[in-house]
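Results of the structural survey
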Amino acid sequence: MDTQLEVDSVIKLYGETTILADVYLSCVPGDIIGLFGRNGTGKSTLLKIIFGSLKGDRSCIRINGKIQKQAAYRSGLLGFLPQEGYLPNNLSLAECVELLLGKEYTKDFFADKHLFRIRKSKVSEMSGGEKRYAEIKFILWGKAPFILLDEPFQGLSPIVSESIREHIKIASQTKGIILTDHNFREVHKCVNRIMLLNDCYLKELREPNDLIPFGYYENE
Amino acid sequence: MLYLKNRCKFHFVFFKSRILSASGIGILFGLIAQMSIDPEYQTPIIQMINKLLLFIPVGMLFKILIEEIVNKDQYYFFYNQGITKVELWITSFILSFSIYIIFNLILTIWTRSLRLIA
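Now for a description of the structure that goes with this document. Note that the structure is predicted; figures quoted are calculated from it, not measured. (Residues numbered from 1 in each chain as written. Chains lettered and ligands numbered in written order. Predicted model: local features only at pLDDT ≥ 70, side-chain atom pairs only at ≥ 80, totals over all residues.)

On to the packing of helix α2 (residues 45–53) of chain B against helix α5 (residues 85–117) of chain B, then. Residues and elements named next belong to chain B. Running from N to C, α2 and α5 cross one another at 170°; their axes reach a closest spacing of 9 Å. Classified by the angle their axes make, α2 and α5 are roughly antiparallel. For the pair formed by α2 and α5, the contact residues are I46, I49, N50 and L53 on the first element and Y100, F103, N104, L107 and T111 on the second. Of the residues contributing to the contact of α2 with α5, the split by class is 6 nonpolar, 3 polar and no charged. (Axes fitted to C-alpha atoms, helices over the stretch in contact; angles between N-to-C directions. Helix = DSSP H or I, 4+ residues; strand = E, 2+ residues; numbered from the N terminus. Parallel < 35°, antiparallel > 145°, perpendicular 65-115°, else oblique. Contact = placed C-beta atoms within 7 Å. Nonpolar A, V, L, I, M, F, W, Y, C, P; charged D, E, K, R; others polar.)

Here it is, written out as structure tokens:
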């Protein structure tokens with residue numbers, strides 16, 4: 001059976017306003033899909049519907065050919081990075097590694113210039129950027145074959161963003177990744193598929209230049 | 001077995017991070033309730049503690065309710081492990097109720113043994 005995430009017929013309305021209309025998307029390991037769109041076009045909503053933490057008015061999620069009757073995250077085949085931090089403040093980073101990845105990963109996880117110094121810190125003591133970096137690394141190092149990243153580059157310095165892009169590239173060798181971020185220049189550096197949410201519909205674009213009519217790279 | 005053990009760890013993390021504040025809220029509720037029943041504080045102290053402990057599960061419910069309104073994103077830590085928030089709520093309530101039962105038993109045994117000694 002092929003490893004594939006398929007999202008079909010997604011419809012979402014907020015009140016009488018349609019946010020998503022008949023959205024279809026498929027993702028296989030090796031894909032790094034950049035999801036573009038202006039504020040309020042439903043990028044985060046779509047990711048949450050795929051993950052299962054938000055209900056669509058209609059949606060069909062298939063993972064490896066199997067329709068997900070309950071929230072898709074219950075299958076353990078999806079990893080999701082929300083916009084806001086998700087690590088509990090009362091845990092230390094080392095405890096998080098033990099819980100999320102297993103004790104055997106501790107050495108490898110902290111063999112990282114951004115994390116070694118703070119390995120014993122509590123999550124509450126970490127800076128916003130450090131926390132974000134650790135959260136992304138946890139998701140990418142997890143067992144789930146499909147990863148959804150909602151604004152992974154938010155609040156990160158260019159050096160840390162570069163490390164994140166490296167982690168994304170390594171993870172994509174075995175996983176399918178869908179990410180969205182307003183920092184489209186960072187996104188373009190690591191994606192191999194581009195999708196645009198515009199007027200409630202999702203369409204696939206061939207190359208970054210196709211985004212120019214939609215307001216991207218206007219002043220360059 | 002390992003899968004179950006791992007899931008239990010996550011349930012315990014959720015419970016552990018809430019039990020202190022839930023106890024605080026519960027005891028506060030308990031004190032208010034006790035004051036309205038017994039304004040002259042004539043209830044023996046052991047009975048009063050026992051009644052206050054009963055409010056810990058109530059505090060847990062209240063704490064979860066507040067978080068449901070204020071901070072929904074915290075559940076993603078558990079969602080990523082395939083654990084739903086309803087599962088977390090149920091185990092937290094059962095564990096906090098177990099605390100009440102254990103303390104209740106300890107207090108009962110203690111007061112009875114004191115009476116026996118006297």
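Counting 68 residues, the largest nonpolar core has I50, F80, I147, L148 and I177 of chain A as its most contacted members. Apart from residues lying up to four places away in sequence, L148 of chain A is in contact with L47, I50, F51, L78, F80, L81 and I178 of chain A. In this structure, A22, I25, L52 and I56 of chain B belong to the second largest nonpolar core, which totals 7 residues. (Core = buried A, V, L, I, M, F, W, Y, C linked by C-beta atoms within 7 Å. Buried ≥ 20, exposed ≤ 12 C-beta atoms within 10 Å, placed from the backbone.)

A word on the interface of chain A and chain B. Across the contact, 16 residues belong to chain A and 12 residues belong to chain B. Here the residues of the side of chain A that touches chain B are counted per class, giving 8 nonpolar, 6 polar and 2 charged.

A separate point is the sheet that holds strand β6 (residues 78–81) of chain A. All names here are of chain A. Reading across the sheet, the 6 strands line up as β6-β7-β8-β3-β9-β10 and stay open at both edges, with mixed pairing between neighbours. Across the chains shown, the open sheet's two edge strands, defined by having one partner strand only, are β6 and β10 (201–205). Direction aside, the axes of adjacent strands within the sheet are offset by 20° on average. In the sheet, strand β3 (residues 32–36) pairs with strand β9 (residues 193–198) via 4 bridges, with the strands oriented parallel. Within β9, the position partnered with F36 by the bridge is L196. Strand contacts of helix α1 (residues 43–51): β3, β6, β7 (146–150), β8 (176–180) and β9, with the helix running at about 150° to β7, the strand carrying the most contacts. Packing against the sheet, helix α4 (residues 128–141) makes contact with β6 and β7, and its axis sits at approximately 170° to β6. (Pairing = 2+ DSSP bridges.)

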